[in-house]
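Structural features, examined
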Amino acid sequence: MERRSFIKNASLAAGLLATAPSISFGGSTEKYEFPLLDLHVHTTPQFTIDNIMEIGKKQGVTFGIVDHPISWALKDDNDLKNYIQNLRKYPVYIGLQPTYPGWYKKYSAELLAQVDYILMDPQMVPMGNGDTWKIWEFDTYIDDTEDFMKRYMDYALQILENEPINIFGWPLFLPVCIARDYYSLWTEDRMQQIISAAKKRNIAIEINDMAHTPHDKFILKAKEQGMKFTFGSDSRNQNVGRLAYCKQVAQKCGLTTNDFYVPEHKTSDL
């Protein structure tokens with residue numbers, strides 16, 4: 001099954017380039033103490049950047065666009081360069097969403113430096129036998145929950161401790177088959193390990209509107225320790241920028257603009 005296809009339908013950063021489109025927040029008739037910024041949005045041939053711009057104008061949401069640096073998407077430097085050049089015409093942030101560790105070794109450092117941010121999630125968990133749990137799929141089966149959680153934590157920490165990322169996506173998401181045990185599986189110790197690893201490298205935590213994670217207890221715990229957050233719809237359709245869960249839980253937790261990570265809009269030499 002294609003990644004996440006099962007739910008497909010379900011102050012400005014410093015250093016703006018004078019020749020680049022300016023990015024601003026605002027326009028919504030609703031008033032919030034935080035920026036309406038959706039940093040986890042995908043385009044498709046049917047749902048284009050122009051569609052996203054129209055929605056952003058109507059809803060008062062600023063967007064960050066991501067694509068996957070992988071063989072079936074941005075397979076090489078040429079693809080990455082074209083991706084950056086095409087999006088620089090629009091008032092959006094430009095991001096990448098890698099799907100496996102070490103991905104960056106296949107791309108030039110000069111091109112990667114042109115990307116505004118990198119978001120990575122731990123949804124492809126190694127089983128230890130060469131296979132991988134794709135935990136977003138409905139039919140993912142977990143035979144031994146504690147073994148899974150150990151491997152899941154190991155993989156999440158590997159990403160947080162080693163990968164060149166700015167945002168940790170889909171935090172605390174669990175496969176459907178064990179999601180009923182969410183509150184018992186996400187112990188204080190496991191949550192603190194995630195927070196400590198992210199804080200050590202100044203990695204922001206995504207509040208994911210599609211997954212409805214993380215929960216308020218985790219957000220408050222991270223906020224108390226000075227963590228930054230982002231909103232992400234992980235949408236590639238008309239759901240971009242809706243952010244209902246994100247706004248609700250952010251208000252519940254008393255998040256303000258100071259609690260949010262806003263990418264730096266990079267100077268482009270391409």
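Above this note sits the structure.
The paragraphs below set out a description of the structure included in this document. (Residues numbered from 1 in each chain as written. Predicted model: local features only at pLDDT ≥ 70, side-chain atom pairs only at ≥ 80, totals over all residues. Heavy atoms only, no water.)

1. A word on the pattern of salt bridges
Summed over the entire model, instances satisfying the criterion amount to 9 salt bridges. A cluster of three or more residues bridged by salt bridges with shared partners is formed by Glu188, Lys217 and Lys221. (Salt bridge = Lys/Arg side-chain N within 4 Å of Asp/Glu carboxyl O.)

2. Things to note about the nonpolar core
Note on soluble globular proteins: their nonpolar side chains tend to be buried together. Counting 73 residues, the largest nonpolar core has Leu80 and Phe148 as the members making the most contacts within it. Broken down by element, the residue count for this core peaks at 9 residues, all from helix 4 (residues 145–162). The contact partners of Leu80, leaving out residues within four places of it in the chain, are Leu74, Leu96, Tyr107, Leu111, Leu112 and Val115. In this structure, Leu37, Leu39, Val66 and Ile167 belong to the second largest nonpolar core, which totals 9 residues. (Core = buried A, V, L, I, M, F, W, Y, C linked by side-chain atoms within 4.5 Å. Buried < 20%, exposed > 50% of the residue type's maximum accessible area, 1.4 Å probe, protein only. Helix = DSSP H or I, 4+ residues; strand = E, 2+ residues; numbered from the N terminus. Contact = heavy atoms within 4.5 Å.)

3. A few points about the pairing of strand 2 (residues 62–67)
The element strand 2 is largely enclosed, with a buried count of 5 among its 6 residues. Examined bridge by bridge, strand 1 (residues 37–41) and strand 2 share 3 bridges and lie parallel to one another. Residue pairing across strands places Asp38 opposite Phe63, the latter belonging to strand 2. Handedness of the crossover is the feature at issue here: the chain leaves strand 1, passes through helix 1 (residues 49–59), returns alongside strand 2, and the resulting connection is right-handed. The sheet contact formed by strand 2 and strand 3 (residues 93–96) spans 4 bridges and is parallel. Paired with Val66 across the bridge in strand 3 is Gly95. Following the chain from strand 2 across helix 2 (residues 77–87) to the adjacent parallel strand 3, one finds a crossover that is right-handed. (Pairing = 2+ DSSP bridges. Right-handed = clockwise from strand over helix to strand, strands pointing away.)

4. So, helix 6 (residues 188–200)
Between its first and last C-alpha, helix 6 extends 18 Å over 13 residues, near the 18 Å set by a 1.5 Å rise per residue. Buried within helix 6 are the following residues: Arg190, Met191, Ile194, Ile195, Ala197 and Ala198. Seen end-on, helix 6 carries its buried residues on one side only, within an arc spanning 165°. Those residues of helix 6 that are exposed and aimed more than 90 degrees away from the buried face are Asp189 and Lys200. Just downstream of helix 6, Asn202 is the residue with a positive phi angle, here 55°. (Expected span 1.5 Å × (residues − 1). Arc of directions from axis to C-beta.)

5. Things to note about the environment of Asp154
Relative to the assigned elements, Asp154 resides in helix 4. With 29 residues separating them in the primary sequence, Asp154 and Val125 have C-alpha atoms 9.1 Å apart.

6. Quick notes on the side chain of Asp234
Positionally, Asp234 belongs in the loop between strand 9 (229–232) and helix 8 (244–252). In this structure Asp234 comes out as buried when scored by relative accessible area, which is 2%.

7. Here we look at the packing of aromatic side chains
All told, the structure shown has 11 aromatic pairs when counted by the stated rule. Ring centres of Trp103 and Tyr104 lie 5.9 Å apart, and the angle between their planes is 90°; on these two criteria the pair is classed as edge-to-face. Judged by relative accessible area, Trp103 falls into the buried class, the value being 0%. Summarising the aromatic geometry, the rings of Trp133 and Phe148 are spaced 5.1 Å apart at their centres and angled 85° between planes, so their arrangement reads as edge-to-face. Of the two residues, Trp133 sits in strand 6 (residues 132–134) while Phe148 sits in helix 4, which places them 15 residues apart along the sequence. For the pair Trp133 and Phe148, a shared accessibility class is recorded, and that class is buried. (Phe/Tyr/Trp six-rings, centres within 6.5 Å; stacked < 30°, edge-to-face > 60°.)

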